Amino acid sequence: MNHNAMAAPRNDTYVPANSNAAYLNNPKPEYPLRARQRHWQGTVLLKVYVGADGHALKVVIARSSGHELLDDSALEAVRQWRFVPAKRGGSAEASWATVPIVFELY
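Procedures and definitions
Residues numbered from 1 in each chain as written. Predicted model: local features only at pLDDT ≥ 70, side-chain atom pairs only at ≥ 80, totals over all residues. Heavy atoms only, no water. Helix = DSSP H or I, 4+ residues; strand = E, 2+ residues; numbered from the N terminus. Buried < 20%, exposed > 50% of the residue type's maximum accessible area, 1.4 Å probe, protein only. Pairing = 2+ DSSP bridges. Phe/Tyr/Trp six-rings, centres within 6.5 Å; stacked < 30°, edge-to-face > 60°. Contact = heavy atoms within 4.5 Å. Patch = residues over 30% accessible without salt bridge, like charges linked within 9 Å, V, L, I, M, F, W, Y side chains within 5 Å. Areas by Shrake-Rupley, 256 points an atom, 1.4 Å probe, with all protein chains shown as cover. Salt bridge = Lys/Arg side-chain N within 4 Å of Asp/Glu carboxyl O. Lys, Arg positive; Asp, Glu negative; His and termini not counted. Charge placed at Lys NZ, Arg CZ, Asp CG, Glu CD. Core = buried A, V, L, I, M, F, W, Y, C linked by side-chain atoms within 4.5 Å.

J.: Would you take a moment to explain the environment of Ala86 for this structure?
T.: Looking at the element boundaries, Ala86 is found in strand β4 (residues 86-88). Looking at Ala86, the relative accessible area reads 0%, which means it is buried. For the pair Ala86 and Ala97, spaced 11 residues apart in sequence, the C-alpha to C-alpha distance is 8.9 Å.

J.: Would you explain unusual backbone geometry in this entry?
T.: Peptide bonds are mostly trans, and most non-glycine residues show a negative phi. Positive phi, close to 60°, is recorded for His39, a residue that is not glycine. With respect to the helices and strands, the residue His39 is situated in the loop between α2 (33-37) and β2 (42-50). Residue classification places His39 among the exposed residues on the basis of a relative accessible area of 60%.

J.: What should I look at first to understand the sheet that holds strand β1 (residues 14-15) in this one?
T.: The pairing of strands in a sheet comes from backbone hydrogen bonds and takes either a parallel or an antiparallel form. Within the open sheet, the three strands sit side by side as β1-β4-β5. Their pairing is antiparallel. In this open sheet, the two strands that pair with only one neighbour each are β1 and β5 (91-93). Strand direction decides the pairing type here: β1 and β4, joined by two bridges, are antiparallel. Pairing of Val15 across the sheet is with Lys87, part of β4.

J.: Help me understand the packing of aromatic side chains in this model?
T.: Summed over the entire model, instances satisfying the criterion amount to three aromatic pairs. With a centroid separation of 5.2 Å and 85° between ring planes, the pair formed by Tyr31 and Phe103 is classed as edge-to-face. Taken together, the positions of Tyr31 in the loop between β1 and α2 and Phe103 in strand β6 (residues 95-103) put the pair 72 residues apart, joining distant regions of the chain. Since its relative accessible area comes to 12%, Tyr31 is described here as buried. Classification of Phe103 as buried rests on a relative accessible area of 3%. For the ring pair Trp81 and Phe83, a centre distance of 6.2 Å and an interplane angle of 50° mean the geometry is tilted. With respect to burial, Trp81 and Phe83 carry one shared label: buried.

J.: Explain helix α3 (residues 68-78) to me, please; I cannot follow it from the model alone.
T.: Side chains of residues three or four places apart in an α-helix project in the same direction, reflecting 3.6 residues per turn. Of the positions making up α3, those classed as buried are Leu70, Asp71, Ser73, Ala74, Leu75, Ala77 and Val78. Check the buried side of α3 and you find it contacts α2, β2, β3 (56-63) and β6.

J.: It is not clear to me how a negative patch on the surface should be interpreted in this structure. Could you clarify?
T.: Residues Glu30, Glu68, Asp72 and Glu76 make up a contiguous surface patch of negative charge. Note on placement: Asp72 falls in helix α3.

J.: Explain the pairing of β2 to me, please; I cannot follow it from the model alone.
T.: Here is the key point about a regular strand: its side chains alternate between the two faces of the sheet. Residue alternation in β2 divides its side chains into a buried set, Gly42, Val44, Leu46, Val48 and Val50, and an unburied set, Thr43, Leu45, Lys47 and Tyr49. Where β2 folds back onto β3 in an antiparallel hairpin, the turn is made up of five residues, including Gly54, whose phi is positive at roughly 90°.

J.: Explain the nonpolar core here, please?
T.: One broad rule of soluble globular proteins: the nonpolar side chains tend to lie buried together. Residues Leu46, Val48, Val78, Phe83 and Ile101 are the most contacted members of the largest nonpolar core, which totals 22 residues. Of all elements in the fold, only β2, β3, α3 and β6 reach the threshold of two or more residues within this core. A per-element tally of this core places α3 first, with five residues. Sequence-distant contacts of Val48, that is, excluding residues within four places in its chain, are made with Ala56, Lys58, Val59, Val78, Phe83, Ser95, Trp96, Ala97 and Val99.

These figures come from the coordinates and say nothing about function on their own.
So this is what it looks like as structure tokens:
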């Protein structure tokens, strides 16, 4: 058995995890009533560790919206989302993904 071949880096194509596939039907986070009443808006940037099965295994705030109520709503929703996992070659693997959640009043 050639151990050097096993230790060689893999050159398989890498496709990062994402939540944009239309068939996933990930619901938008709830816009809290108190935030609407106070006209709070902002973008929460979340880092999500997506398992090879597409579940969000860990969700953390990378950048706050400036409003804890909006941040908490984003965290709660994205923890329930399903993702298309990252793939290396044809194999799904766990990886980090960045998810922006925009709270905007129209």
